[in-house]
Amino acid sequence: MRRVFGVIRIVAAGVIIAAIVAQLVHSIELVPDVPHFLVNFFSYFTILSNALAALALLIGAYYSFTVRRDPAWYNLSLAAVVTYMATTGVVYNLLLRSISLDQGSTVPWSNEVLHLIAPIYVVVVWILTPGKSPLKWSAIGAIVAFPLVWSVYTMIRGPLVGWYPYPFLNPAQPGGYGAVAVYIVAVAGFIGLMAVVVVALSRTRILRG
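Residues numbered from 1 in each chain as written. Predicted model: local features only at pLDDT ≥ 70, side-chain atom pairs only at ≥ 80, totals over all residues. Heavy atoms only, no water.

Caption draft 1: Quick peek at the overall build of the protein. Counting its regular elements, the protein contains 8 helices and 0 strands. Each helix and strand of the protein, ordered N terminal to C terminal, gives the series α-α-α-α-α-α-α-α. Relative to its length of 209 residues, the protein is compact, with a C-alpha radius of gyration of 18 Å against a globular reference of 17 Å. Taking all 209 residues of the protein together, the buried fraction comes to 46%. Of all intrachain contacts in the protein linking residues separated by at least 6 positions in sequence, the fraction that spans at least 24 positions is 78%. Counting every atom, the protein has about 10100 Å² of accessible surface; 75% of that belongs to carbon and sulfur. Counting 12 positive and 5 negative side-chain charges, the protein places the centres of these two groups 28 Å from one another. (Helix = DSSP H or I, 4+ residues; strand = E, 2+ residues; numbered from the N terminus. Rg over C-alpha atoms; globule rule 2.2 N^0.38 Å. Buried < 20%, exposed > 50% of the residue type's maximum accessible area, 1.4 Å probe, protein only. Contact = heavy atoms within 4.5 Å. Areas by Shrake-Rupley, 256 points an atom, 1.4 Å probe, with all protein chains shown as cover. Lys, Arg positive; Asp, Glu negative; His and termini not counted. Charge placed at Lys NZ, Arg CZ, Asp CG, Glu CD.)

Structure, rendered in structure tokens:
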């Protein structure tokens, strides 16, 4: 069974990488300032979370073929990725699906993979994949660290370059920084909640395999 999940992890990572590359190649042909666009492109939480997911899946595939249980450090890393991908899926489909983002233009199949299919897949795999080790509750702090760093980076860089990856982070919107703060707190709360759920699932004996 572990080997089957290893193959599935490789295929899923390949699909995610293909989706990122497809959007990047398509968009880069439409922008005048390529270096600036590249920094912006990899400043999207969606792109970062999916890239981390692909990397985690490839590492996980190796462990699926070589060891009976995933190492503790990998289990924590995968839990973080699952949290980020769940957040990506929910936030995009609730707040951003009807909004055109500043990335040239969207590749439809790539957009669906990165914002819907991959997040659902990663969450389902976390629940079903055998060989998970239970996480300590203290892991929640490590999981939420990256989104916090990304938020600080985004809010510092935004005014300097006049660009924000998502409209709800732009203080030029109605409500200004107050509205931005509300969104950040709401998303942070959701990330924290997802982290609690992910850790709880890892501690559920029937789901550890």
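Caption draft 2: Local environment of the packing of aromatic side chains. A full pass over the atoms with the stated rule returns 15 aromatic pairs. Relative to F41, the ring of F37 lies with its centre 5.7 Å away and its plane at 40 degrees, an arrangement referred to as tilted. Of this pair, F37 and F41 both sit in helix 2 (residues 34-41), 4 residues apart, which is roughly one turn of the helix. Judged by relative accessible area, F41 falls into the buried class, the value being 0%. Three or more aromatic residues joined by ring pairs form one cluster here, namely Y44, F45, Y84, F146, W150, W163, Y166, F168 and Y183. (Phe/Tyr/Trp six-rings, centres within 6.5 Å; stacked < 30°, edge-to-face > 60°.)

Caption draft 3: Broad picture of the pattern of salt bridges. Summed over all chains, the structure comprises 1 salt bridge. A salt bridge links D70 to R9; the shortest N-O distance between them is 3.4 Å. One end of the pair, D70, is in the loop between helix 3 (45-66) and helix 4 (72-96); the other, R9, is in helix 1 (residues 2-28), and 61 residues separate them in sequence. The pair D70 / R9 is uniform in exposure class, with both members buried. (Salt bridge = Lys/Arg side-chain N within 4 Å of Asp/Glu carboxyl O.)

Caption draft 4: Representation of the nonpolar core within the structure. Membership of the largest hydrophobic core comes to 51 residues, with the highest contact counts inside it found for I16, V122, W126, I143, Y166, F168 and L169. At the level of elements, helix 1, helix 2, helix 3, helix 4, helix 5 (108-128), helix 6 (139-161) and helix 7 (176-202) are the ones that each hand at least two residues to this core. Of the residues forming this core, the biggest block, 11 residues, is contributed by helix 4. With residues up to four places along the chain from it excluded, the contact list for V122 reads A53, V81, V82 and M85. (Core = buried A, V, L, I, M, F, W, Y, C linked by side-chain atoms within 4.5 Å.)

Caption draft 5: Representation of the environment of L48 in the model. Tracing the chain through its elements places L48 in helix 3. Remark: the alpha-carbon pair of L48 and V198, spanning 150 residues in sequence, is separated by 19 Å. The residues contacting L48, other than those within four sequence positions of it, are F42, F146 and W150.

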